[in-house]
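# Coordinate inspection notes
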Amino acid sequence: PWSLVVYLDYATVFVLAILFLWFAEGLFPKFISLNNLQWMTAFVQFVLIFGLIVPPIYFTRYETVFQIIGLVYSVFLLFRLVQLYFKKIPESGLFLMGSMLLILGFVTDILFAFRGMNESY
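### Some details on helix α2 (residues 34-53)
Taking 1.5 Å as the rise per residue, α2 with 20 residues should run 28 Å; its terminal C-alpha atoms sit 29 Å apart, in good agreement. If you check which residues of α2 are buried, you get Leu37, Met40, Thr41, Val44, Val47, Leu48 and Gly51. For α2, the angular spread of buried residues about the axis comes to 120 degrees, placing them on one side. Residues of α2 that are exposed and angled more than 90 degrees away from the buried face: Trp39, Phe46 and Ile53.

### Digging into the nonpolar core
Leu21, Phe31 and Leu81 are the most contacted members of the largest nonpolar core, which has 24 residues in total. It is helix α1 (residues 2-27) that contributes the most residues to this core, 8 residues altogether. Those residues within four positions of Leu81 in sequence are excluded, and the remaining contacts are Phe31, Phe95, Leu96 and Ser99.

### Some points on helix α5 (residues 92-115)
Taking 1.5 Å of rise per residue, 24 residues should cover 34 Å, and α5 covers 34 Å from first to last C-alpha, within 8% of that figure. Among all positions in α5, only Ser92, Gly93, Phe95, Leu96, Ser99, Ile103 and Ile110 are buried. Check the buried side of α5 and you find it contacts α1 and α4 (63-86).

### Describing the environment of Val6
Summarising the element assignment, Val6 is placed in helix α1. When its relative accessible area of 12% is taken as the criterion, Val6 is described as buried. Note: C-alpha distance between Val6 and Phe86 (80 residues apart in sequence) is 41 Å.

### Notes on the packing of aromatic side chains
All told, the structure shown has 8 aromatic pairs when counted by the stated rule. Taken together, a centroid distance of 6.3 Å and an interplanar angle of 45 degrees make the contact between Phe28 and Phe31 tilted. For the pair formed by Phe28 and Phe31, the shared burial category is buried. Measuring from centroid to centroid gives 5.6 Å for Tyr85 and Phe86, while their planes differ by 65 degrees, and the two rings are edge-to-face. Phe86 gets classed as exposed once you look at its relative accessible area, which sits at 63%. Put simply, the rings of Phe20, Phe23, Phe28, Phe31 and Phe95 touch in pairs and so form one group of aromatic residues.

### Quick look at the side chain of Arg80
For Arg80, the position within the fold is in helix α4. Although buried, Arg80 forms no salt bridge, and the nearest oppositely charged side chain, Glu25, lies 7.1 Å from it. Of the polar contacts made by the side chain of Arg80, one reaches the backbone oxygen of Lys30; its length is 3.2 Å. One polar contact links Arg80 to Gln83, side chain to side chain, over a distance of 2.4 Å. Dropping the residues within four chain positions of it, Arg80 is found in contact with Lys30 and Phe31.

Reading guide: rules and limits
Along every chain, residues carry numbers that run from 1 in the direction the sequence is written. Predicted model: local features are reported for residues with pLDDT of at least 70 only, side-chain atom pairs are reported and counted for 80 or more only, and whole-chain, interface and lining totals are derived from all residues. As a rule here, side-chain values come from all non-hydrogen atoms in the structure, and water together with hydrogens is ignored. Secondary structure is summarised from DSSP: a helix means a run of H or I of at least four residues, a strand means a run of E of at least two, and numbering begins at the N terminus for each. The span one expects for a helix is its residue count, reduced by one, times 1.5 Å. Per-residue accessibility, obtained with a 1.4 Å probe over protein chains only, is compared with the maximum for each type, and a residue is labelled buried under 20%, exposed over 50%, and partly exposed between these values. Here the arc refers to the set of directions running from the helix axis out to each C-beta atom. In this description, a nonpolar core means a group of buried Ala, Val, Leu, Ile, Met, Phe, Trp, Tyr and Cys residues linked to one another through side-chain atoms lying within 4.5 Å. Only heavy atoms matter for contacts: two residues are in contact if any of them lie within 4.5 Å across the pair. Any pair of Phe, Tyr and Trp rings, taking the six-membered ring for Trp, is counted once the centres come within 6.5 Å. Such a pair is stacked with planes under 30 degrees apart, edge-to-face with planes over 60 apart, and tilted for the rest. Positive: Lys, Arg. Negative: Asp, Glu. His and the chain ends are not part of the count. Put simply, a salt bridge is a Lys or Arg side-chain nitrogen that is within 4 Å of an Asp or Glu carboxyl oxygen. We call two N or O atoms a polar contact when they sit within 3.5 Å, provided that within protein one can donate a hydrogen and the other can accept it, with sequence-adjacent residues counted only if both atoms are side-chain atoms.

This is a description of form; function is not addressed.
Written out as structure tokens, the structure reads:
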């Protein structure tokens, strides 16, 4: 059903984002405080449950809020990766470059969504 497709579209973004942060924490211990990471994980779990309970017509209205939260976390992520790079942590430069490409794609997707243009993946 259409509602399941919409839910999976939203859910995968949240799940992949939190898995990426846990992956980064595994590569670079103390990258993000464990307390903050647990709060972010709890927020993602809340959003996933919220999406299962509420029809898509309602939870898709919060897309802009989710995008703003994603941008804030992206800035935080870049800030931390730049710090690791300047501390000369092994492989942090490569991870920083890869993350910048990922965030660039995220920002591009948001800009296309705000302009209402058809995007080409």
